[in-house]
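# Remarks on the overall topology
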Amino acid sequence: MKIRHYQEEDWPYIWKILEPVFRAGETYAVDPSISEEEAKRYWTRMPLHTMVVQKGEHILGTYYLKANHPGPGSHVCNCGYVVAGEARGRGVAKAMCRHSQDLARSVGFRAMQFNLVVSTNAPAVHLWSKLGFETVGKLPGAFCHPTLGFVDALVMFKELC
């Protein structure tokens, strides 16, 4: 697996990964009816970095890295990760999370925070915990899951230095 910076020609492949996840509405606080252009802006233009995981000719996953807040909070970053359905369970998310921490350190971030980890997303909660993130808050009923209704969201945090 190779993790590299996003290039414009990657977008159709990234959209094929993001669209089903966004449409499902189970793990991201993104409007399930988001347009492709809005999704592209959200994933590739607003962040500081957008990365892709590539194996051969296939893109297996993508992540973004950005400051969580401007100004006095800008030393804490935020990331979002999505793995292609066919690549799940193969270590792609773990590789992206580790890579993102190294990238974050290299550009001066002191910590990483995940603002809204859906509590029912057990694989993500387990992996982030295994990689050293602590649950520092629970937001009761903060996420409206399409089949489970209102479920808790977790705030997870890790110091990077």
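As shown above, the structure is provided for reference.
Further remarks concern the side chain of Thr-62. Along the chain, the position of Thr-62 falls in strand β3 (residues 58–67). Classification of Thr-62 by relative accessible area gives buried; the value is 0%. Dropping the residues within four chain positions of it, Thr-62 is found in contact with Ile-14, Leu-18, Trp-43, Thr-50, Met-51, Val-52, Gly-80, Tyr-81, Val-82 and Met-96.

Membership of the largest hydrophobic core comes to 46 residues, with the highest contact counts inside it found for Phe-22, Trp-43, Leu-65, Tyr-81, Met-112, Phe-114 and Trp-128. Looking at this core, the element that brings in the most residues is helix α1 (residues 11–24), giving 7 residues. Contact partners of Leu-65, with chain neighbours within four places excluded, come to Pro-47, Leu-48, His-49, Cys-77, Asn-78, Cys-79, Leu-103, Ala-104, Val-107, Phe-109 and Met-112.

Right, let's get into the pairing of strand β4 (residues 76–83). Counting buried residues in β4 gives 8 out of 8 residues, a clear majority hidden from the surface. The alternating pattern of β4 places Val-76, Asn-78, Gly-80 and Val-82 and Cys-77, Cys-79, Tyr-81 and Val-83 on opposite faces, both of which are buried. In the sheet, β4 pairs with strand β5 (residues 111–118) via 2 bridges, with the strands oriented parallel. Residue pairing for β5: Val-76 is matched across the bridge by Ala-111. In this region the chain leaves β4, passes through helix α3 (residues 92–106) and returns to the parallel neighbour β5; the handedness of that crossover is right-handed.

Parameters and conventions
Residues numbered from 1 in each chain as written. Predicted model: local features only at pLDDT ≥ 70, side-chain atom pairs only at ≥ 80, totals over all residues. Heavy atoms only, no water. Helix = DSSP H or I, 4+ residues; strand = E, 2+ residues; numbered from the N terminus. Buried < 20%, exposed > 50% of the residue type's maximum accessible area, 1.4 Å probe, protein only. Contact = heavy atoms within 4.5 Å. Core = buried A, V, L, I, M, F, W, Y, C linked by side-chain atoms within 4.5 Å. Pairing = 2+ DSSP bridges. Right-handed = clockwise from strand over helix to strand, strands pointing away.

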